[in-house]
Amino acid sequence: MLGRVNHVAIAVPDLASATQSYRTTLGATVTEPQALPEHGVTVVFVTLPNTKVELLEPLGDTSPIAAFLAKNPSGGMHHICYEVEDIIAARDALKGSGARVLGDGEPKIGAHGKPVLFLHPKDFQGTLIELEQV
Ligand SMILES: CC[C@@H](C(=O)O)C(=O)SCCNC(=O)CCNC(=O)[C@H](O)C(C)(C)COP(=O)(O)OP(=O)(O)OC[C@H]1O[C@@H](n2cnc3c(N)ncnc32)[C@H](O)[C@@H]1OP(=O)(O)O
Ligand SMILES: [Co+2]
């Protein structure tokens, strides 16, 4: 079912500061901020030779990353995103295996303009999984 790792995401309390750290201290290429109100986050992507790192800052009062940052005030690794060829087939197979698909179970359009879904971290070794159809 799984293809490439599309990105690893890090929740941060201050996106400007995190961007500066990746650009200046680590010498990385970082995209411009993208506000995604439907997802409750503002993101940038650190582009690397083999994958991407997504830096996430809460947006709005009901951000899904607010509780995570309350527990991890300095930030921390939040999710890993795997590519899939057919997100509906993947979702249905996972639901059939008993995995919890988050939200209403319908894909939303993610930061790359592609359909995404999330799987509950308690069902996958304590790690939140995002699936992105490519
Ligand atoms: C930009 C768009 C898109 C992209 O294209 O890349 C994105 O990446 S958007 C990213 C943000 N969106 C999401 O995360 C959506 C899915 N997430 C959720 O629905 C919720 O965050 C959650 C995973 C259900 C957690 O909800 P929350 O209210 O924060 O906490 P709970 O109390 O329900 O948590 C239950 C349990 O799980 C632990 N937890 C929470 N988040 C994580 C995490 N990221 N990684 C590992 N574990 C996590 C939490 O600590 C609780 O555990 P216990 O304390 O042991 O009960
Ligand atoms: Co993501």
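Up top is the structure these notes are about.
Residues numbered from 1 in each chain as written. Chains lettered and ligands numbered in written order. Predicted model: local features only at pLDDT ≥ 70, side-chain atom pairs only at ≥ 80, totals over all residues. Heavy atoms only, no water.

*Asks:* Any chance you could break down the overall build of the chain for me, citing the residues and the numbers?
*Replies:* Helix and strand counts for the chain stand at three helices and nine strands. Put simply, the chain runs from its N terminus to its C terminus through helices and strands in the order β-α-β-β-β-β-α-β-α-β-β-β. A globule of 134 residues ought to have a C-alpha radius of gyration of about 14 Å, and the chain, at 15 Å, matches this closely. Its C-alpha atoms put the chain at 45 × 30 × 25 Å along the principal axes. Out of the 134 residues in the chain, the part that is buried amounts to 40%. The contacts of the chain with a sequence gap of at least 6 include a subset with a gap of at least 24, amounting to 54%. In the chain, which carries 10 positive and 15 negative side-chain charges, the distance between the mean positions of the two groups comes to 4 Å. (Helix = DSSP H or I, 4+ residues; strand = E, 2+ residues; numbered from the N terminus. Rg over C-alpha atoms; globule rule 2.2 N^0.38 Å. Buried < 20%, exposed > 50% of the residue type's maximum accessible area, 1.4 Å probe, protein only. Contact = heavy atoms within 4.5 Å. Lys, Arg positive; Asp, Glu negative; His and termini not counted. Charge placed at Lys NZ, Arg CZ, Asp CG, Glu CD.)

*Asks:* Outline unusual backbone geometry, listing residues and values.
*Replies:* Despite not being glycine, Gln125 shows a phi value in the positive range, around 55 degrees. Among the residues examined, Gln125 registers a relative accessible area of 73% and is labelled exposed.

*Asks:* So what's going on with the site of ligand 1? Residues and values would help.
*Replies:* In the region of ligand 1, 22 residues are neighbours, and Glu54, Lys71, His78, Ala111 and Lys122 sit closest. Contacts to ligand 1 include Lys71, whose side-chain N or O atom sits 2.9 Å from an oxygen atom. Within the side chain of His79, an N or O atom sits 3.1 Å from an oxygen atom of ligand 1. When ligand 1 is considered free in solution it has 1,100 Å² of accessible area, and contact with the protein chains removes 70% of it. At the level of secondary structure, the elements contributing two or more residues to the shell around ligand 1 comprise β4 (41–47), α2 (66–71), β6 (76–84) and β9 (128–133). Residue contributions to the shell around ligand 1 peak at three residues, all from α2. Looking at the shell around ligand 1 residue by residue, the classes come out as 12 nonpolar, six polar and four charged. (Near = heavy atom within 4 Å. Polar contact = N/O pair within 3.5 Å; in protein donor to acceptor, adjacent residues only side chain to side chain. Areas by Shrake-Rupley, 256 points an atom, 1.4 Å probe, with all protein chains shown as cover. Nonpolar A, V, L, I, M, F, W, Y, C, P; charged D, E, K, R; others polar.)

*Asks:* Would you mind going over the side chain of Thr51 in detail, with residue names and values included?
*Replies:* Structurally, the position occupied by Thr51 is in the loop between β4 and β5 (52–58). A distance of 3.1 Å separates the side chain of Thr51 from the backbone oxygen of Asn6, its partner in a polar contact. The contact partners of Thr51, leaving out residues within four places of it in the chain, are Val5, Asn6, His7 and Val46.

*Asks:* Give me the lowdown on helix α1 (residues 15–25), citing residues and values where you can.
*Replies:* Of the positions making up α1, those classed as buried are Leu15, Ala18 and Thr19. Here the buried residues of α1 occupy an arc of 100 degrees about the axis, which is enough to place them on one side. Facing away from the buried side of α1 by more than 90 degrees, the exposed set consists of Ala16, Thr24 and Thr25. In this structure, the buried side of α1 is in contact with β2 (29–30), β4 and β5. Near the N-terminus of α1, the side chain that reaches the backbone nitrogen of Ala16, with its oxygen 3.1 Å away, is that of Asp14. Among the residues trailing α1, Gly27 stands out with phi positive, at a value near 65 degrees. (Arc of directions from axis to C-beta.)

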